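Each chain, letter by letter, is given below.
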Amino acid sequence: MKIISAKEAAKLVKEGDSVFIGGFIGCGTAHKTIEELVNLGTKNLTQISNDTAMADYSYGKLITNKQISKLIATHVGTNKETGRQMSDGSLEVTLVPQGTLAERIRASRSGLGGILVSTGLGTLVAEGKEIIKVDGKEYLLEKPLKADVAIVYATYADKYGNLSYDGTTRNFNTLMAMSADLVIVEVEEILETPINPNNVVVPGVVVDYIVDSRKEQ
């Protein structure tokens with residue numbers, strides 16, 4: 001685990017990468033790192049996130065700046081620019097039910113071949129997907145979802161890279177940190193003492209880089 005600046009973190013994202021972005025409409029998001037990625041202008045990215053925030057806020061700016069060519073998310077209604085690009089065909093959008101998105105990411109972390117869900121049966125969500133019967137009931141086979149890079153948030157980190165959270169800021173951050181090839185975590189505070197093992201939410205072994213949001217970037 002290495003401590004780097006937000007600018008250095010943004011440069012680790014390469015054109016064409018798939019990127020997990022933690023947060024829920026900007027709550028629990030690595031804002032400084034995302035802002036530097038916007039400034040850098042890296043394009044042709046696949047964004048995997050719960051939503052797309054707002055057009056002028058946080059990771060919503062990536063959409064507005066046309067850095068995202070493909071989006072996998074649960075809802076896009078808070079960002080009018082997402083809807084506009086979706087309508088004109090410049091942005092490929094795959095909408096995934098929120099629970100399904102979480103479990104697909106979890107499946108990747110756990111080494112599973114997929115998950116079976118009933119949500120989406122008989123809708124556009126089911127198109128092109130395998131249907132499997134279990135005890136006479138039909139389920140959709142949803143495949144694991146992994147990314148090249150995860151840009152996530154944590155409230156606290158210690159010198160070993162262990163992470164802990166306050167409140168609802170965990171959201172998708174904990175799942176995404178365990179399911180990407182390269183993990184960048186922006187934190188509110190780096191503690192001088194190790195986090196009590198009982199309070200570790202994400203182990204440092206999966207963390208590659210940490211950005212201290214309190215420092216000038």
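Just so it is clear, the structure is predicted and the values come from calculations on it, not from any experiment.

## Focus: helix H2 (residues 31-40)
Next, step 1: Within H2, burial applies to Thr33, Ile34, Glu36, Leu37 and Val38.
Next, step 2: At the C-terminal side of H2, Gly41 shows a positive phi close to 80°.

## A short note on the side chain of Arg104
Next, step 1: Note that Arg104 resides in helix H5 (residues 98-110).
Next, step 2: According to the relative accessible area criterion, Arg104 is buried, its value standing at 14%.
Next, step 3: Every residue in contact with Arg104, bar those within four places of it in the chain, is listed here: Val96, Ile115, Glu142, Lys143, Pro144 and Leu145.

## What to know about the pattern of salt bridges
Next, step 1: Applying the stated criterion to the full structure yields 8 salt bridges.
Next, step 2: We note a salt bridge from Glu103 to Arg106, for which the minimum N-O separation is 3.1 Å. In this pair, Glu103 and Arg106 are both assigned in helix H5, 3 residues apart and thus about one turn of the helix distant.
Next, step 3: Judged by relative accessible area, Arg106 falls into the partly exposed class, the value being 30%.
Next, step 4: For Lys129, the salt bridge identified is with Glu142, shortest N-O distance 2.8 Å. Residue Lys129 is located in the loop between strand E6 (115-117) and strand E7 (131-134), and its partner Glu142 is located in strand E8 (residues 137-142); the two are separated by 13 residues in the primary sequence.
Next, step 5: Under the relative-accessibility criterion, Lys129 is labelled partly exposed at 30%.
Next, step 6: Sharing partners across several salt bridges, the network here consists of Glu81, Arg84 and Asp88.

Definitions and cut-offs
- Residues numbered from 1 in each chain as written.
- Predicted model: local features only at pLDDT ≥ 70, side-chain atom pairs only at ≥ 80, totals over all residues.
- Heavy atoms only, no water.
- Buried < 20%, exposed > 50% of the residue type's maximum accessible area, 1.4 Å probe, protein only.
- Helix = DSSP H or I, 4+ residues; strand = E, 2+ residues; numbered from the N terminus.
- Contact = heavy atoms within 4.5 Å.
- Salt bridge = Lys/Arg side-chain N within 4 Å of Asp/Glu carboxyl O.

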